[in-house]
Protein chains: 2
Amino acid sequence: MEEKDSLLVLSGGMDSTTMLHEYQSRIALCVNFSYGANQNEREAACARANCLRLGIPLVEIDLAFMGKYFRSSLLEGADAIPEAEYAPENLASTVVPFRNGIMLSVAAGLAESRGLRRVMIANHGGDHEIYPDCRPAFIDSMGRAIADGSGSLVELYAPYTHLTKNDIARRGAAHGVDYSLTYSCYKGGATHCGRCATCIERRQALIAAGLTPDC
Amino acid sequence: MEEKDSLLVLSGGMDSTTMLHEYQSRIALCVNFSYGANQNEREAACARANCLRLGIPLVEIDLAFMGKYFRSSLLEGADAIPEAEYAPENLASTVVPFRNGIMLSVAAGLAESRGLRRVMIANHGGDHEIYPDCRPAFIDSMGRAIADGSGSLVELYAPYTHLTKNDIARRGAAHGVDYSLTYSCYKGGATHCGRCATCIERRQALIAAGLTPDC
């Protein structure tokens, strides 16, 4: 049996929920972050539901200071979210400065505190152009920072870095992920809006995986 | 006139308060973090006093989740703090896992949000043996992570990395730092205990700088 030695950053979206299912035998603990984004509350509810279903403990951490002090359209309510395809020019305003760096740093400290030696995150290839803190170069340098800053007790593992969103949905379908227990919409409404970039991307990925789109 | 382009992580201890004074012409903003450590409240009061005196704005951020979820004697009350000299075997329990990584990540996101291009931290040579996240290797890799994750908008600058505590106190004396407006004790009491490692180190540094020790 594999050792349960990993902590997963679980947003409650499609990518991290797929990783949760694919790597469940290694994941000892998940951590979900709220940071004042429109979708955080509905994402967290999905994270809770999946952890409960798989019997994996979940720590929920509120980074409320980001909503208060950081600048991003994602932190300014549904009306600030562009309605357009998933492309750099449409999504530049949704960058939350150094968001993955902050989440990974907290996850690294939490993993070290719990004696876990691996932090996992589900960044993927589709986000590279838009979000600097999803790119392979950042994952590499942040991985070194985590190893150096923890005295080599913790390492970073991001196995979806070079996959597309469609690849991930196909993996999820193969692992029986119930995507109705995931949330993607940047507007944060009760149902997926179907018009923002993340909804358009979600729809395409579900179709590519042979599943029924829900937005 | 130099550009005010830097954000300083200001604990309110001797090192960061010295850096605040030495680099005040470049520092546009300071950030102070509370994370459940015994000394946080008194350090924050010192950070406020120095920022007020120099007319530099201060953002105070509460990382309460660290006190709740992380493991360190520094987060467990005054009685858990060893009374002994500043040496690795005495201070291992005071490591707060990945603390500097977390503070620097938040500072990087805050700097990017405010259009500031440099994050400064006052780690120094005396901490290298004990705290992995004070070592030059960590500063190098974290600096790369901040540059990569911010799309090269923010850089890390840690000019005290190779100085000793005594060097820093000498610089502070030369810049007229009032060390009575700094706090060091790991126990967090109303006066410096004089027996914990940070108090012993503080005393030695003040003496080395030709100042009157206060503990």
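My aim in this report is to walk through the structure given alongside it, one point at a time. Since the structure is predicted, the reported quantities are computational estimates derived from the model, not experimental observations. (Residues numbered from 1 in each chain as written. Chains lettered and ligands numbered in written order. Predicted model: local features only at pLDDT ≥ 70, side-chain atom pairs only at ≥ 80, totals over all residues. Heavy atoms only, no water.)

Looking only at helices and strands, chain A has eight helices and five strands in total. In sequence order, chain A lays out its α and β elements as β-α-β-α-β-α-α-α-β-α-β-α-α. Compactness check: chain A gives a C-alpha radius of gyration of 16 Å against a globular reference of 17 Å for 215 residues, within 12% of the reference. Considering only C-alpha atoms, chain A reaches an extent of 45 × 40 × 30 Å along its principal axes. Considering only contacts within chain A whose residues lie at least 6 apart along the sequence, 69% involve residues at least 24 apart. Per element, the accessible surface of chain A, about 8,200 Å² overall, is 48% carbon and sulfur. (Helix = DSSP H or I, 4+ residues; strand = E, 2+ residues; numbered from the N terminus. Rg over C-alpha atoms; globule rule 2.2 N^0.38 Å. Contact = heavy atoms within 4.5 Å. Areas by Shrake-Rupley, 256 points an atom, 1.4 Å probe, with all protein chains shown as cover.)

Below, the discussion takes up the environment of T17(B). Residue and element names in this part refer to chain B. Take T17: it is sitting in helix 1 (residues 14–22). For T17, a relative accessible area of 1% gives the class buried. For the pair T17 and D178, spaced 161 residues apart in sequence, the C-alpha to C-alpha distance is 9.1 Å. Setting aside anything within four residues of it in sequence, one finds T17 in contact with L10, G12, N50, V177 and T182. (Buried < 20%, exposed > 50% of the residue type's maximum accessible area, 1.4 Å probe, protein only.)

Here we come to the packing of helix 5 (residues 99–113) of chain B against helix 6 (residues 136–149) of chain B. Residue and element names in this part refer to chain B. Running from N to C, helix 5 and helix 6 cross one another at 30°; their axes reach a closest spacing of 11 Å. Between helix 5 and helix 6, the angle falls in the class roughly parallel. The chirality of how helix 5 crosses helix 6 is right-handed. Within the contact between the two elements, helix 5 uses N100, G101, L104, S105 and A108 and helix 6 uses F138, M142 and I146. (Axes fitted to C-alpha atoms, helices over the stretch in contact; angles between N-to-C directions. Parallel < 35°, antiparallel > 145°, perpendicular 65-115°, else oblique. Left-handed = near helix turned anticlockwise from the far one by under 90°.)

This next bit is on the packing of helix 1 of chain B against helix 7 (residues 165–174) of chain B. All names here are of chain B. Where helix 1 meets helix 7, the axes come as close as 9 Å, and the angle between the chain directions of the two elements is 40°. Here helix 1 lies oblique to helix 7, going by the angle between them. Crossing angle aside, the handedness with which helix 1 passes helix 7 is left-handed. Contacts from M14, D15, T18 and E22 in helix 1 reach K165, I168, A169, R171 and G172 in helix 7.

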